[in-house]
Amino acid sequence: FGKPPFNVARDVVEGLKIWLVTVTDTRPGPVLTYGLGSGFTFAFLQLVASPSRRRRTHFMFALLLNPKRHGLAGLVDSLKAFLLKRVIDGAFVWGVTDGPAYSQSYGVPQEKFIFHHYHTTLDHVSYTVSDGGYLFAGGNAHRDYRTLIEAAAKVNYPLFIATTLPGIKELAAPYPHIEVRGVTHEEY
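Below is a summary of the structure that appears in this document.

Calculation criteria
- Residues numbered from 1 in each chain as written.
- Predicted model: local features only at pLDDT ≥ 70, side-chain atom pairs only at ≥ 80, totals over all residues.
- Heavy atoms only, no water.
- Helix = DSSP H or I, 4+ residues; strand = E, 2+ residues; numbered from the N terminus.
- Contact = heavy atoms within 4.5 Å.
- Pairing = 2+ DSSP bridges.
- Axes fitted to C-alpha atoms, helices over the stretch in contact; angles between N-to-C directions.
- Buried < 20%, exposed > 50% of the residue type's maximum accessible area, 1.4 Å probe, protein only.
- Arc of directions from axis to C-beta.

### A short note on the environment of Ala62
Residue position: Ala62 is located in the loop between strand E2 (58–61) and helix H3 (71–86). The contacts of Ala62, once residues within four sequence positions are left out, are Tyr34, Gly35, Phe92 and Trp94.

The following block contains the structure:
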């Protein structure tokens, strides 16, 4: 279950399991799912079953949407937007600009998106804090590098950003103390 198309199969199975639990559990209260395929599968099953079954309030957390895409990926994006509009009551996003951006891109009411600060993902990683003479930031998913670069531009201290996101290198180009480049998993 680690690689496509197995990810899709896993998401469908997990979404079906969540839906079956909510069908048998009659206690009131919302259902909270990941903002991944399993959560969207659950939302789809709620939509299909809604004429005969009471729809449960559904919130998603850790929702990460892509910028508008074309082709098959764009079709999947459109289906997610449809479900967000019709049967998902709210979605927690980690970027303060994600809600307005998703709302504009997908035509989903902005009230559906709830900003929550991003949590640390290093809980189970062994690392040491040290002063290597620079600040470090890394990753490709929904990082606000523009704000980081604007802040670092005012500080004369080296900053290293490990990313391959398009446009970030250009944002940092005017500042010789800011380095942007992709790295291997080991370097990261």
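Now that the structure has been shown, the text picks up again.
### Regarding the sheet that holds strand E5 (residues 135–138)
The parallel open sheet is built from three strands, whose spatial order is E5-E6-E7. The open sheet is flanked by E5 and strand E7 (178–181), the only strands paired with a single partner. Shown here is a sheet whose adjacent strand axes are inclined to one another by a mean of 15 degrees, direction ignored. Pairing analysis gives four bridges linking E5 to strand E6 (residues 159–162), with the strands arranged parallel. Along E6, the bridge assignment pairs Leu135 with Leu159. Those strands touched by helix H5 (residues 145–152) are E5, E6 and E7, and its axis lies near 165 degrees from that of E6.

### A few points about H5
Since the α-helix turns once every 3.6 residues, residues separated by three or four places project in the same direction. Tyr145, Ile149 and Ala152 are the residues of H5 that are buried. Summarising the axial view, the buried residues of H5 lie within an arc of 70 degrees, below the 170-degree limit, and thus occupy one face. Tucked into the core, H5 has its buried residues touching E5, E6, helix H6 (168–172) and E7.

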